[in-house]
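Listed here are the chains, written in short residue letters.
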Amino acid sequence: MARQTNRLDEKKICCSICLDLLKDPVTIPCGHSYCMNCIKSYWDEEDQKNIQSCPQCRQTFIPKPALKKNTVLAELVEELQKTELQASPADHGYAGPEDVACDVCTGRKLKAIKSCLQCLVSYCEHHLQPHYDSTAFEKHKLVDTSKRLKRIICSQHSEVMKIFCRTDQQCICYLCSMDEHKGHDTVSATAERNKKRRELGVSRKKIQERIQDKEKDMKVLQEEVEAITQSADKAVRESEKIFNDVKQRIRSRQKAEVCRARELQDRIENEITVLKRKDAELGQLFHTQDHTHFLQTYTSLSQMHESVGSLDIKTCTLHYFEDVMTAVSEFKRKLQEIRFGAAGSQLEGEVDAVMSRPEPKTRAEFLRLSQELTLDLNTANTSLLFEGDKKVKCMSKKFVYRHHSDRFINRHQVLSRESLTGCCYWEVVWSGGALSVAVSYKNISRTGDESLFGNNDSSWALECFKNGYELRHNKIRTVISGPHPPSYRIGVYLDHRAGILSFYSVSKTMTLLHREQTTYTQPLYAGFRANHFLGEGSSAVFCDLEKSEAAME
């Protein structure tokens, strides 16, 4: 009541000009009151017309009245301001726009501190006390206040949804279970929550184990980077006294291997970040007391993505530098024995031979160099449909993939996750329409004509048709003769150091289709370009060559 009186008084002692509480109030002859500065400013403007009047009743005054402070109004304003200051601390208990208000309070509502799942009501501290004092409420479940409280009420029957329908995977009330959900597999929401909470615990444990595994992989990669650098430094120190060419090749190799390891580190760091964020979300859901929110959120949060592929972190490059040091020592010995002159060109050829290895001859030899490859979803065009992480098919419609800067926009293309540096071999099986089997640098364009495999100096593509093959590089197309009909299995051999790229037709025998000889300046990535023509979409899959090798042995 006092508060309402204050508000009424406040309206009476407001200035009608500035609409605020009176400041230095004065009362003019007609009886209306104003702030002294407000009425002075108002009359100063009217002086130009030689008229002074009341802003409310329009009564005129000649001459201009003298203005004197109204002490009674001034004291009333001061008293009201003191009352407002004393009342302001209590206002802190009122509910604001972002708060949950007490459902029992009348007038201006206080903040609720607890919600009752039995009463379906939120209470302030005062109105909550009976739940603590009376035995009638001892079985009521109190939870932290939540704006989601209304979501546990059935919109059709206005009953609490205490039942979970496993058939339709949703929370329902007991009337729903006797109506449209009659005959369905139903359990109590509490029982279903406990079951899924146990599953959630298992999911968290798996994620935490994967985080530990990834952190171990990070440590191995760090050790590999250090070992590569130390081995390279040692090789350079031993080699630079003999010839600079070997030094340059070692540094190029070091850069490629460190680049590969850094890429793997970045990918694992990203995966650890995603896993930790997933664990935090699951942890928050794990401890929530609102079983309806838990069940409604469980499906979207509990599905744990499979690993993004097997990362090859084998330290397979140290022997390369050790071989170089052995070769350099041998060449030093030969240099001391031979004479300079014509032997110089022969020595240069022998250096190149040591830096590479002979190309395999049989399929068994190729399989021993097999490289397991997986597809990178972040690079895939939105018209490509994935089946696992090794197979892709071109479709007539587009799929919803999250935005990523590595994604091909205009071409139905995709790259591998794994980078390729040393000697490696892989096989591709294709079907349907035409398909391109390619290798490319990571920095290939993702839009426009320059993004097409083979349409730039960053990629090499074998285009496979039902009637033959073509090799495309830097916009130059070369027709290739091969077996007829063409084989649907293509083998690819890469010797990154020697700059050799070979494509084979694989059936009962291996037939060389084309061999490229060049110099690679960056790690390469395997890729596909699929097509969709007249309702037929081509597909491709990276073959599992470990099984093939085991079968041959």
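Keep in mind it's a predicted model, so treat the numbers as computed, not measured.

Draft legend 1. Here's a closer look at the overall build of the protein. Scanning the protein from terminus to terminus reveals 12 helices and 23 strands. The buried share of the protein, taken over its 553 residues, is 42%. Counting only contacts in the protein whose residues sit at least 6 apart along the sequence, the fraction spanning at least 24 positions is 60%.

Draft legend 2. Geometry of the pattern of salt bridges. A full pass over the atoms with the stated rule returns 24 salt bridges. Put simply, glutamate 199 and lysine 195 hold a salt bridge, and the shortest N to O gap is 2.8 Å. One end of the pair, glutamate 199, and the other, lysine 195, are both in helix 6 (residues 189-239), 4 residues apart, so they sit about a helical turn from each other. Where aspartate 279 meets arginine 204, a salt bridge forms, and the shortest distance between an N and an O atom there is 3.0 Å. Taken together, the residues span a long stretch of sequence, with aspartate 279 in helix 7 (residues 244-286) and arginine 204 in helix 6 at a distance of 75 residues. Here the two residues aspartate 279 and arginine 204 agree in accessibility, since each one is buried. Because the salt bridges share partners, they merge into one network encompassing Glu463, Glu470, Arg472, Arg477 and Arg529.

Draft legend 3. The arrangement of the environment of leucine 142 in detail. On the secondary structure map, leucine 142 appears in strand 5 (residues 142-144). A relative accessible area of 22% places leucine 142 in the partly exposed class. Separated by 147 residues in the primary sequence, leucine 142 and glutamine 289 place their C-alpha atoms 9.7 Å from one another. Contact partners of leucine 142, with chain neighbours within four places excluded, come to Ser115, Cys116, Leu128, His131, Tyr132 and Gln289.

Draft legend 4. Spatial organisation of the packing of aromatic side chains. Inspection of every chain in the model, using the stated rule, returns 11 aromatic pairs. Plain terms: the ring middles of phenylalanine 366 and tyrosine 493 are 5.6 Å apart, the flat faces sit at 80° to each other, and that makes the pair edge-to-face. Of this pair, phenylalanine 366 sits in helix 11 (residues 363-367) while tyrosine 493 sits in strand 17 (residues 489-495); the two residues are 127 residues apart in sequence, bridging distant segments of the chain. Exposure class is identical for phenylalanine 366 and tyrosine 493. Each is buried. Site record: aromatic cluster; members linked through ring pairs are Phe366, Tyr425, Tyr493 and Tyr504. Over the face of the ring belonging to phenylalanine 294 we find arginine 193, whose NZ or CZ atom lies 5.0 Å from the ring centre. Between the NZ or CZ atom of arginine 197 and the centre of the ring of phenylalanine 286, over which it lies, the distance is 3.9 Å.

Draft legend 5. A look at the environment of glutamate 372. You can see glutamate 372 is positioned in the loop between helix 11 and strand 9 (384-387). For glutamate 372, a relative accessible area of 40% gives the class partly exposed.

Draft legend 6. Expanded view of the side chain of threonine 288. Locating threonine 288 in the fold gives a position in the loop between helix 7 and helix 8 (291-302). In this structure threonine 288 comes out as buried when scored by relative accessible area, which is 14%. Threonine 288 has contacts with Arg193, His293 and Phe294, leaving out every residue within four places of it along the chain.

Draft legend 7. Molecular detail of the nonpolar core. Counting residues in hydrophobic clusters, the biggest one holds 36 residues, and the most contacted among them are Trp426 and Ile490. Apart from residues lying up to four places away in sequence, tryptophan 426 is in contact with Gln371, Leu373, Leu420, Val439, Ile490, Gly491, Val492, Leu494, Ala526, Phe542 and Leu545. By size, the runner-up hydrophobic cluster in this structure holds 25 residues, among which are Met161, Ile163, Phe286 and Tyr298.

Draft legend 8. Structural view of unusual backbone geometry. Omega for the peptide link from isoleucine 62 to proline 63 comes to -5°, which places this bond in the cis form. Mapped onto the elements, proline 63 comes out in the loop between helix 2 (36-46) and helix 3 (71-87). With an omega of -5°, the peptide bond between histidine 484 and proline 485 qualifies as cis. One can find proline 485 in the loop between strand 16 (476-480) and strand 17. Of note, the phi angle at leucine 120 is positive, near 60°, even though the residue is not glycine.

Draft legend 9. Structural context of the side chain of aspartate 279. Residue aspartate 279 is classed as buried on the basis of its relative accessible area of 15%. Among the polar contacts made by the side chain of aspartate 279, one reaches the side chain of arginine 204 at a distance of 3.0 Å. Beyond its immediate chain neighbours, meaning those up to four positions away, aspartate 279 contacts Arg204, Ile207 and Gln208.

Draft legend 10. Examining the sheet that holds strand 19 (residues 510-517) more closely. Read from one edge to the other, the open sheet built from 7 strands follows the order 9-10-23-12-17-18-19, with strand pairing classed as antiparallel. Two strands bound the open sheet, and with one partner strand each, they are strand 9 and strand 19. Looking at each pair of strands side by side, their axes are set apart by 20° on average, direction ignored. Here strand 10 (residues 391-394) runs beside strand 23 (residues 539-542); their pairing, made up of 3 bridges, is antiparallel. Residue pairing in the sheet places lysine 391 in a bridge with valine 541 of strand 23.

Reading the values: rules and limits
- Residues numbered from 1 in each chain as written.
- Predicted model: local features only at pLDDT ≥ 70, side-chain atom pairs only at ≥ 80, totals over all residues.
- Heavy atoms only, no water.
- Helix = DSSP H or I, 4+ residues; strand = E, 2+ residues; numbered from the N terminus.
- Buried < 20%, exposed > 50% of the residue type's maximum accessible area, 1.4 Å probe, protein only.
- Contact = heavy atoms within 4.5 Å.
- Salt bridge = Lys/Arg side-chain N within 4 Å of Asp/Glu carboxyl O.
- Phe/Tyr/Trp six-rings, centres within 6.5 Å; stacked < 30°, edge-to-face > 60°.
- Lys NZ or Arg CZ within 6 Å of the ring centre and 35° of its normal.
- Core = buried A, V, L, I, M, F, W, Y, C linked by side-chain atoms within 4.5 Å.
- Polar contact = N/O pair within 3.5 Å; in protein donor to acceptor, adjacent residues only side chain to side chain.
- Pairing = 2+ DSSP bridges.
- Axes fitted to C-alpha atoms, helices over the stretch in contact; angles between N-to-C directions.

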